[in-house]
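Architecture at a glance
Residue strings, one per chain:
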Amino acid sequence: MTRTLATGNNAAAHALAMAGEANRQARGCCAGAYPITPQTEIIEYLSGYPFSKGRVVLVESEHSAMGVCIGAALAGARTFTASSSNGLAYMTENIFAAGFYRLPTVMLAVNRTLGPPWNIWVDQGDSLMMRDAAWLQLYCDSHQDVFDTTLLAFRIAEDPRVMLPVIVAMDGFVTSHNQMVVDFASQDQVDEFLPPCVIPHHLRHDHPSTFGGMTFPNETEHHRYQIQQSMDAAFEVIEEAREEFGNVFGRRPAGALEAFETEDAETIFIACNTMAQTLHNVVTERRAKGEKIGMIRTKLFRPFPRKALIEAIGPAKRIAVLDRNHSPGSGGIFWQEIAATLGQCSDMLLQDYLVGLGGGDVTPSIINEIIDDMNERTTASDPEFRDRPS
Amino acid sequence: MMEITICGRGGQGGVTLAKIIASAYFLKGKYVQAFGVYAAERSGAPLQAFIRVDDTEITNHNQVQNPDHIVVLDRTLITSGLDANMKPGGAIIVNTPADRTDYMEHFPGRDVFTLDATSIAVANGLGTRTVPIVNTTMAGAIARVLGLSLSDILAGLEHLNFAGANKTCARQAYKQVQSHHVAGEVQPPVAEAGPSKVAGLFDEDIGGMPKIKTGSWATERPERRQLTPPCNHVCPAGNDVRGFVEAVGQEDYDKALAILLETSPLPAVCGRVCPAPCMAACNRAEFDTSVNVRELERAAAEYGKRPEAVPSWRDETVAVVGSGPAGLTTAYQLAKLGYPVTMFEAGDELGGILRSGIPAYRLPRDVLDEEIDHVLEYDIKALTGHQLKREDMLQLSQQFQAVFVATGLQNTSDLKLGETDSPAPVQGLHFLERVRSGDIRLDGQRVIVIGGGNTAMDAARSALRIGARSVRVVYRRTRSEMPAIFEEIEQAIEEGVILDELVSPVSLTNSDSGAILTCQGMVLGPPDDSGRPRPIADTSPEALFDLPCDLVILALGQSHDISILPEGAEIREGEALLGLSGAPFFLGGDFATNAGTVSAAIGCGIRAARHIHRTLSGEDLFAPEPAPVADPGYIKFQRFEHIASEPVSTISMTRRQTCFDEVHLGFKAGPEGDRAISEARRCLSCGVCNQCDRCLEYCPEGVLKRDEDGNAYIFDLDYCKGCGVCMTACPRGAIYMTAL
């Protein structure tokens, strides 16, 4: 283990590079790369990495970057890329292709607000836009979580029970450009943790096959059903991967979610990414003063961990969701998922708070205001914009 | 947990500074955080960076609200309330010159630590004074204030691969940081202002950008300037070369000619015979080929309309002795200033050397006559056939309020080449005079011209035209040392003149088959007083050889005849006036300077006219010190396209060798239109804005616009961030940046 100083981008890029390098005894690795703020450092780091077997292909657009990953994965390589915001939007068509081709690519999504109006700061609307693309999605709350989850993602994606691509998301700038202490790993450890990448359906000259041809409705439905089964299987695969991660690296990254002080909590606050860390600090302070509140940090968004969430909520009947994303005409996207999960509990007070949209700094005082607001509520209202100027 | 806020400007390295400090603490086993506030700024924009240091893992990712310490990388960023939310007891560390303390009033009750980091950084080569990179220097000061050891901060620098000057600066800063305590009470924290109103879809001000006066981000401001174009700088006549060329490019020949006539009365002459030092100095020569200014001047003189002459209105009268280019110019300039002028010429016609020394194939008589006629439209009385003597001069000084003398070079240099019975060589100027009068033919003769100046070339080319079988020019140095105009040498060789370089005549003798010029081969030695290599006789036996000939022409230069000047007069510094009883005498032209070109004589004439005018009226018309010359370093050649110079027509070689028709026909209309206009548009307008709009097009902020007349640009400094793109975009060096 090497303790070092790294930005979130450095941590992600180093993990991607070591994962790619770990496949050198098999069919190597490949990344399609196109830079965009705030992800650019990742592309820069990968482009300079001396891979033993594999290469970074610099392309003219995000759409082609994912195209390179698809082609290389179909040739059996371990593949990865990174993007953000409008770049991710431009990549969209091929993101769906990678998901439905069932290629275990790993993508770092450095969350950034979709424009216009132009904005470079964090908002999860870009990766959440890929909700239905048959990719797993994991949201990281710290630098260490970014490094560990990136390695974990390959193990999950390439597991034959899953065989689907994974998005690992972090906050643009707040995480990507902040330099903090991270425990890195050795290549030996990564080699041990990541077995050679085996893509069972990769193209072979001795066994010609075709992908993505025309199918009839019932065949397509079966294809979707198989993906749903793999998504369902992912929960177990993630837990196994965490277990193995702990065996190799001596620490365990979070899985689907993390609960804190929820057992006897009357009100539970739910958030993800660095916002969850701030929430954690505030809840700790207020707990010390005797408030019966708890919090859940959601990490896994796809597949959505309905079962784990209901268990973590326990008997609490008052839930507040903090969403750093917005689906116009509905509300927060995590709130939608949680509402769908809790749909059968008619006595639940579920309130959505839209906060830190477009990269606003979600300070402890803002979180305290939300907790105060929630404490006074007897009924839920429509999702509430918290930072909006009058 | 310790929290630090760094206030700096984009480009100063504030975020890296946060990382350096964080690294120093990380290496001491601490948990740290270092980050900046990122936006779409460019260099100079105010920005913040933050550092957190703790003994346990840091989970707060917010921007620092209540710092323990504040670091200021640029004193000009300090405003009241900068420390409003700072915790008590911390340090404010400021990069500031030692003699500035005015900002201290904003920090009552605080401990302020100061360091002139900019000077240390710049002295060690880290950035420039306008864009100093002060982060590594400030790291040393911060370390000292926070109680880190020097080795701690050096380790932090090394961790980020800083070495050399960066570590030197940190060391100096560690030693030099000064501590102050500001008197007074710490101001209470200020409540945070709520977010301001944002326009809605149906609000009236929808669509406008936020009114942030980004001019406050600037550390530099663009300024417009006018440099001296190299052509203008070198023009001996002082012509606004760039200005008249621009006017031709604008298809305004009248304006072009008016600009030339400001200085020179002889544009048609100069457009034919000037050696054009402007073309040698032309920055375009660095890029493809010089703009053909000489031919453009000729075109301007040919197509432009001359302005009306003004009558004299002053009482003081001036005498001008000599009607060569210097005399004509002085008379013209003084007449324009309102003086009645009387001009004295020894010969039968006006023009001096222009008429007697320049053959018609270079300067046709009708062109010269017409140009002189224009000068005489002013109140200038021209008296020809007046060979003035010393006593006449004294009389002039009684009759006129000023006398200008420019009688040229009347004494020719001789060379003794043999016994008294040898065939006599003829003087070049005398030969040219005879050619002009048409009473000489050289059919079938072998001619040798001795010399390397314009007279030698003119004599050689004239000799060919009047039937010489062969013409050789012998010169004791090489072609590159010849004083003749480059083009004239070129054209002489084209026409068949043989040039014998490194040859010096020894003797001229008679033989059965005609005359024999015995010559000595020469080699070049070390430079002489004139700076040219000294010719030395070649001692080898074969270096002495004979050239048969029928006529030898001497063109060895001329000198002035000062015997006409009043007794006691001597020439000092060329054109200096002489203090005498009676009217002052002013000297000019070749008579005073021996500069040898028409343009130099014109320049001399202008200066003499200004001298005389200042003496008579007290008004000083001398130009102020010119702006710096726009040398090639100012020109962004990559912003221009290569364009070939327009061709100039000449008459056929047969006619060149047999008659005195003008060789050059000037720019003629080509298939694409007027070639002179195309040629003029090749001008780069070095150092002078010609409203090309590059700055306006390239300004990323849109803060540049044309003024109401459309002639100049206005910078909206409220929104100019001082990025310098306009300066970089300006192809001709007419914009520069000044530090604020």
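Predicted model, so just to flag it, every value in this text is computed and none were measured.

Turning our attention to the overall build of chain B. Helix and strand counts for chain B stand at 24 helices and 31 strands. Burial status across chain B gives 46% buried among its 740 residues. Expressed as a percentage of contacts within chain B between residues at least 6 apart in sequence, the contacts between residues at least 24 apart total 72%.

With that settled, the discussion passes to helix α8 (residues 217-249) of chain A. All names here are of chain A. Compared with an ideal rise of 1.5 Å per residue, which puts 33 residues at 48 Å, α8 spans 46 Å between its outermost C-alpha atoms and is within 8% of the ideal. When the local axis directions of α8 are compared, the greatest deviation, roughly 35°, occurs at Ala-234. Regarding α8, the residues found buried are Ser-230, Ala-234, Ile-238, Ala-241, Arg-242, Phe-245 and Phe-249. Next to the buried residues of α8 lie β6 (136-139), α6 (143-157), α7 (187-193) and β12 (300-302). Remark: Gly-250 follows α8 within two positions and exhibits a positive phi of approximately 80°.

All names here are of chain A. The sheet built from six strands is open, its strands ordered β9-β11-β10-β13-β14-β15 with mixed pairing. Of all strands in the sheet, those bounded by a partner on one side alone are β9 (257-260) and β15 (384-385). Here strand β10 (residues 267-271) runs beside strand β11 (residues 293-298); their pairing, made up of five bridges, is parallel. Counted as the bridge partner of Phe-269 is Met-295 from β11. Against the sheet, helix α10 (residues 306-313) touches β9, β10, β11 and β13 (318-323), its axis set at about 5° to β9. Contacts from helix α11 (residues 333-341) reach β10, β11, β13 and β14 (349-354) within the one sheet, and its direction differs from that of β13 by about 150°.

The next subject is helix α17 (residues 454-465) of chain B. Residue and element names in this part refer to chain B. With twelve residues, α17 should reach 16 Å at 1.5 Å per residue; the first-to-last C-alpha distance of 16 Å fits that figure. Counting buried residues along α17, twelve of its twelve residues qualify, which places the element largely inside the surrounding structure. All of the buried residues in α17 are Asn-454, Thr-455, Ala-456, Met-457, Asp-458, Ala-459, Ala-460, Arg-461, Ser-462, Ala-463, Leu-464 and Arg-465. Buried residues in α17 make contact with α16 (428-437), β15 (446-450), β16 (470-474), α18 (486-495), β22 (551-554) and α21 (653-658). After α17 finishes, the residue Gly-467 shows a positive phi value of roughly 100°.

Each partner contributes to the interface: chain A provides 18 residues, whereas chain B provides 23 residues. Of all elements in the fold, only β8 (179-184) and α9 (273-288) of chain A reach the threshold of two or more residues within the side of chain A that touches chain B. Residue contributions to the side of chain A that touches chain B peak at five residues, all from α9 of chain A. Across the side of chain A that touches chain B, the residue classes break down as seven nonpolar, ten polar and one charged. Relative to strand β2 (residues 31-36) of chain B, β8 of chain A runs antiparallel, the two being bridged by two bridges. Of the residues in β2 of chain B, the one forming a bridge with Gln-179 of chain A is Ala-34 of chain B.

Turning our attention to the packing of helix α1 (residues 8-21) of chain A against α6 of chain A. Residues and elements named next belong to chain A. In the contact formed by α1 and α6, the axes pass within 8 Å of each other and the chain directions differ by 25°. Here α6 runs roughly parallel to α1, going by the angle between their axes. Of the two elements, α1 crosses α6, and the hand of that crossing is right-handed. On α6, the residues that touch Gly-8, Ala-11, Ala-12, Ala-15, Leu-16 and Ala-19 of α1 are His-143, Val-146, Phe-147, Thr-150, Leu-151 and Phe-154.

Counting residues in hydrophobic clusters, the biggest one holds 177 residues, and the most contacted among them are Leu-322 of chain A together with Ala-18 of chain B. In contact with Leu-322 of chain A, not counting residues within four places along its chain, are Phe-269, Ile-270, Ala-271, Met-275, Leu-279, Tyr-353, Val-355 and Ile-370 of chain A. Counting residues in each nonpolar core, the second largest holds 111 residues, with Val-367, Val-598, Ile-606 and Cys-695 of chain B among its members.

Glancing now at the packing of helix α8 (residues 253-263) of chain B against helix α11 (residues 293-303) of chain B. Residues and elements named next belong to chain B. Closest axis-to-axis distance for the α8/α11 pair is 8 Å, and the angle between their directions is 110°. The pairing of α8 with α11 is recorded here as roughly perpendicular in orientation. For the pair α8 and α11, the crossing hand works out as left-handed. Contacts between α8 and α11 involve Tyr-253, Ala-256, Leu-257 and Leu-260 from the first element and Glu-297, Ala-300, Ala-301 and Tyr-303 from the second. Taken together, the residues of the contact of α8 with α11 sort by class into seven nonpolar, no polar and one charged.

All names here are of chain B. The five strands lie next to each other as β14-β22-β15-β16-β17, forming an open sheet whose pairing is parallel. A strand with exactly one partner marks an edge of an open sheet, and here the two such strands are β14 (426-427) and β17 (498-500). Sheet analysis places β15 next to β22, joined by four bridges and oriented parallel. Pairing of Val-449 across the sheet is with Ile-553, part of β22. Of the strands in this sheet, β15, β16 and β22 are in contact with α17, which crosses β16 at around 170°.

What follows covers the pairing of β13 of chain A. Residues and elements named next belong to chain A. Counting buried positions along β13 gives five out of six residues, so the element sits mostly inside the fold. Across four bridges, the pairing between β10 and β13 is parallel. Note on β13: the bridge partner recorded for Thr-267 is Arg-318. Alignment of β13 against β14, held across six bridges, turns out to be parallel. Looking across to β14, one finds that Asp-323 is bridged to Leu-354.

Before going further, it helps to spend a moment on the pairing of strand β3 (residues 54-58) of chain A. Pairing geometry for strand β2 (residues 29-33) of chain A and β3 of chain A, over five bridges, is parallel. In the sheet register, Ala-31 of chain A faces β3 of chain A, and the bridge partner there is Val-56 of chain A.

Looking now at the confidence of the model for chain B. Averaged over every residue, the pLDDT of chain B is 88; residues scoring 70 or more account for 93%. Note on residues 573-581 of chain B: pLDDT under 50 across the span, and 20 contacts to partners over four residues away in sequence or across chains.

Moving on: the environment of Asn-9 of chain A. Residues and elements named next belong to chain A. In this structure, Asn-9 sits in helix α1. When the C-alpha atoms of Asn-9 and Gln-179 are compared, they prove to be 9.3 Å apart, with 170 residues separating the residues in sequence. When sequence neighbours within four positions are dropped, the list of residues in contact with Asn-9 reads Gln-39, Glu-41, Ile-42, Val-110, Ser-176 and His-177.

All right, on to unusual backbone geometry then. Residue and element names in this part refer to chain A. With an omega dihedral of -5°, the bond running from Pro-116 to Pro-117 counts as a cis peptide bond. With respect to the helices and strands, Pro-117 occurs in the loop between β5 (106-111) and α5 (125-128). Omega for the bond connecting Arg-302 with Pro-303 falls within 30 degrees of zero, at -10°, which places this linkage in the cis form. With respect to the secondary-structure elements, Pro-303 resides in the loop between β12 and α10. Unusually for a residue other than glycine, Ser-85 sits at a positive phi of about 50°. As for its position among the elements, Ser-85 is in helix α4 (residues 85-101). Of note, the phi angle at Ala-134 is positive, near 65°, even though the residue is not glycine. By the secondary structure assignment, Ala-134 is in the loop between α5 and β6.

Procedures and definitions
Residues numbered from 1 in each chain as written. Chains lettered and ligands numbered in written order. Predicted model: local features only at pLDDT ≥ 70, side-chain atom pairs only at ≥ 80, totals over all residues. Helix = DSSP H or I, 4+ residues; strand = E, 2+ residues; numbered from the N terminus. Buried ≥ 20, exposed ≤ 12 C-beta atoms within 10 Å, placed from the backbone. Contact = placed C-beta atoms within 7 Å. Expected span 1.5 Å × (residues − 1). Bend = angle between axes of the 7 residues up to and from the residue. Pairing = 2+ DSSP bridges. Axes fitted to C-alpha atoms, helices over the stretch in contact; angles between N-to-C directions. Nonpolar A, V, L, I, M, F, W, Y, C, P; charged D, E, K, R; others polar. Parallel < 35°, antiparallel > 145°, perpendicular 65-115°, else oblique. Left-handed = near helix turned anticlockwise from the far one by under 90°. Core = buried A, V, L, I, M, F, W, Y, C linked by C-beta atoms within 7 Å. pLDDT = per-residue confidence, 0-100.

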